[in-house]
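An overview of the molecular structure
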Amino acid sequence: MSIIKGISDKIRGKRQGHKDKTQLNSLSEATVYEALKSVVDPDLHKDIVSLGFVKKVEINGSIVNVTVQLTTPACPVKEELKKQCEDSILKIRGVNEVNVTLTFPSSSRPAQAAEKKNNGLVQVKNIIAVASGKGGVGKSTTAMNLARSLARTSAKVGVIDADIYGPSIPTLSQAGKPTQMDGELVIPPEVDGIKLISVSMFSQGDKAHILRGPMAANLVKQFLSGVAWGELDYLLIDYPPGTGDIQLTISQIASLAGAVIVTTPQELALADVKKAISMFTTMKVPIIGIIENMSYFICDGCEKKHYIFKTGGGKKLAKNSGLPLLGEIPIEPYIVKASDEGLDFDSEGSKLPESYKQVTDRVVRELAILNSNQGLGLNSFSLAWK
Ligand code: ADP
């Protein structure tokens with residue numbers, strides 16, 4: 001909550017001058033709502049009053065308290081919107097103090113929770129597939145670092161490692177095994193506030209996972225509904241690479257809010273990405289956009305970008321498929337070290353977080369747009385459970 005107190009006389013003076021000139025209405029709930037109509041969500045292109053974001057307006061003398069509910073705690077423009085709310089209300093005659101409280105929708109849905117108490121997804125808002133056409137493009141690394149980056153925004157995050165035949169999330173996170181149950185639900189281990197589940201948590205040593213397609217899909221089904229995910233803003237699924245039966249089945253059962261496609265810039269990777277895009281389109285899963293991983297390398301000393309795997313592949317694909325390019329992640333030796341050791345990606349001051357942060361912000365924004373175009377993402381869960 002931000003409390004604007006003790007505004008300097010200078011600023012007050014300026015504000016007063018402005019009011020006298022513009023002759024704004026005197027203070028009432030209606031004038032506050034009217035003022036807030038000037039605050040426009042930059043992604044949804046509508047004002048926050050029309051979007052129904054303004055939940056409460058209280059006037060106490062010259063103090064205005066407003067509660068604004070944004071779509072997600074990961075909203076990258078939340079501070080900017082808050083400031084705009086404060087500024088717009090301060091322009092109203094008679095206002096001396098504004099308190100804007102930002103809230104985020106609770107994903108708790110009591111009626112359904114009671115009805116479906118054995119379904120671990122009951123309080124999960126958005127399930128996102130992180131997929132690639134090809135293996136080795138850095139899909140799991142990107143999924144884990146997206147999760148870390150989202151968790152830093154105070155969003156509640158979980159990851160399902162559905163890469164059944166090559167699970168890497170436990171290595172990337174150093175997560176332990178689940179040791180407890182909550183009724184019929186498995187309690188997932190947590191690393192840096194991220195809940196994680198992977199097939200390798202249930203296997204013995206280095207034994208290969210010999211699972212036929214339907215068994216593998218069934219396992220992912222259990223990861224979705226048989227795990228005590230609790231309240232989550234984002235549940236990421238690290239998909240197996242490719243576009244076979246397993247990927248189709250997961251897309252069918254997961255009630256996905258959207259899919260993020262990871263690629264590298266070479267033609268060979270891009271060809272398979274087109275198949276992944278086509279698969280999600282056929283399954284009517286909205287595609288949030290494309291992340292180009294290993295886009296370039298900046299060597300020590302010269303600060304020049306070296307495009308080792310060609311340049312512009314992701315951009316071209318995004319353009320041709322009409323999808324957003326969510327960002328470019330450089331080749332960074334630290335990523336390999338962090339991945340192999342399960343370290344947080346900027347725990348040693350690497351420059352990389354900025355590129356992940358930019359990609360994460362874009363994912364959040366594009367998903368908010370998709371959700372607003374389709375009603376709330378949660379609607380799909382009630383459909384899935386009928
Ligand atoms: P996938 O899930 O697509 O098979 P992984 O996430 O397992 O790929 O990554 C494959 C390898 O590439 C790992 O060793 C990982 O550390 C490395 N890697 C991924 N992204 C990057 C990057 N941006 N820079 C450097 N190494 C990367």
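This report concerns the structure included in the present document. (Residues numbered from 1 in each chain as written. Predicted model: local features only at pLDDT ≥ 70, side-chain atom pairs only at ≥ 80, totals over all residues. Heavy atoms only, no water.)

1. Quick word on the overall build of the protein chain
Heads up, the rule is: Numbered from the N terminus, helices here are DSSP runs of H or I no shorter than four residues, and strands are runs of E no shorter than two. Think of it in three bands: residues with accessible area under 20% of the maximum for their type are buried, residues over 50% are exposed, and the middle band is partly exposed, with areas taken using a 1.4 Å probe on protein chains only. When checking whether two residues touch, look at their non-hydrogen atoms; a contact exists if any pair is within 4.5 Å. Accessible areas in this description were obtained via Shrake-Rupley with a 1.4 Å probe; residue shielding takes into account the shown protein chains only.
Each helix and strand counted, the protein chain has 13 helices and 17 strands in total. Here the protein chain, with 386 residues, has 51% of them falling under the buried criterion. Partitioning the intrachain contacts of the protein chain with sequence separation of at least 6 by distance along the chain shows that 75% fall at a separation of at least 24. When the accessible surface of the protein chain is split by element, carbon and sulfur atoms take 52% of a total near 18,100 Å².

2. Quick look at the site of the ligand
Keep this limit in mind: Residues are labelled near a given molecule or strand when at least one of their non-hydrogen atoms is within 4 Å of it. Each polar contact in these results corresponds to two N or O atoms within 3.5 Å; when the atoms are within protein, one needs to be able to donate a hydrogen and the other to accept it, and residues that are neighboring in sequence are counted only if both atoms are side-chain atoms.
Near the ligand lie 16 residues; those nearest to it are Gly136, Lys139, Ser140, Thr141 and Pro330. Between the ligand and Val137, the relevant distance is 3.0 Å, taken from an oxygen atom to a main-chain nitrogen or oxygen of the residue. Computed on the free molecule, the ligand has an accessible area of 560 Å², of which 80% lies beneath the protein chains in the complex. Broken down by secondary-structure element, the contributors of at least two residues to the shell around the ligand are α5 (139-151), β15 (287-298), β17 (325-331) and α11 (333-341).

3. As for the nonpolar core
The nonpolar side chains of a soluble globular protein tend to be buried, and buried together. Applied cut-off: In these notes, a set of buried Ala, Val, Leu, Ile, Met, Phe, Trp, Tyr and Cys residues joined through side-chain atoms within 4.5 Å is what counts as a nonpolar core.
Ranked by internal contacts, the top residues of the largest apolar core, which has 76 residues, are Ile160, Leu196, Trp229, Ile237, Tyr239, Leu256 and Phe280. Excluding residues that lie within four positions of it along the chain, Ile237 makes contacts with Ile127, Ile128, Ala129, Val130, Ile160, Ala162, Leu224, Ile250, Ala254 and Leu256. By size, the runner-up hydrophobic cluster in this structure holds 24 residues, among which are Val32, Val64, Val98 and Leu102.

4. Thoughts on the pattern of salt bridges
As a reminder, the rule being used: Take a side-chain nitrogen of Lys or Arg and a carboxyl oxygen of Asp or Glu: if they are within 4 Å of each other, that pair is a salt bridge.
Following the criterion strictly, the structure yields 12 salt bridges and no others. Between Lys125 and Asp233 there is a salt bridge; the shortest N-O distance is 2.6 Å. Note that Lys125 is positioned in strand β7 (residues 124-131) and Asp233 in strand β13 (residues 232-238), a separation of 108 residues in sequence. Both residues of the pair, Lys125 and Asp233, count as buried. Between Asp192 and Arg148 there is a salt bridge, with its nearest N and O atoms 2.6 Å apart. Of the two residues, Asp192 sits in the loop between β11 (190-191) and β12 (194-198) while Arg148 sits in helix α5, which places them 44 residues apart along the sequence. Among the charged side chains, a salt-bridge network with shared partners connects Lys134, Asp272 and Lys275.

5. Describing the pairing of strand β5 (residues 63-69)
Side chains on a regular strand alternate between the two faces of the sheet. For clarity, the cut-off: Two strands are counted as paired when DSSP detects at least two bridges linking them.
Here strand β4 (residues 54-60) pairs with β5 via 6 bridges, running antiparallel. Residue pairing in the sheet places Asn60 in a bridge with Ile63 of β5. Two successive antiparallel strands, β4 and β5, enclose a turn made up of 2 residues, where Gly61 displays a positive phi of approximately 65°.

6. Details of α5
Spelled out, the test is: Given the number of residues in a helix, its expected span is that number minus one, multiplied by 1.5 Å.
Compared with the 18 Å implied by 1.5 Å per residue over 13 residues, the 18 Å span of α5 between its first and last C-alpha is a close match. Within α5, 12 of the 13 residues are buried, which leaves the element mostly enclosed by the surrounding structure. Every buried residue of α5 is accounted for by Lys139, Ser140, Thr141, Thr142, Ala143, Met144, Asn145, Leu146, Ala147, Arg148, Ser149 and Leu150.

7. Observations regarding the packing of aromatic side chains
Pairs of aromatic rings are described using the distance from one ring centre to the other and the angle between the two planes. Where we set the bar: What counts as a ring pair is set by centres within 6.5 Å for rings of Phe, Tyr and Trp (its six-membered ring), and what kind of pair is set by the plane angle: stacked under 30 degrees, edge-to-face over 60, tilted for all other angles.
As enumerated under the stated definition, the model contains 3 aromatic pairs in all. Between Tyr239 and Phe280, the ring centres sit 5.6 Å apart and the planes meet at 50°, which makes this aromatic pair tilted. Taken together, the positions of Tyr239 in the loop between β13 and α8 (245-253) and Phe280 in helix α9 (residues 267-282) put the pair 41 residues apart, joining distant regions of the chain. Here the two residues Tyr239 and Phe280 agree in accessibility, since each one is buried.

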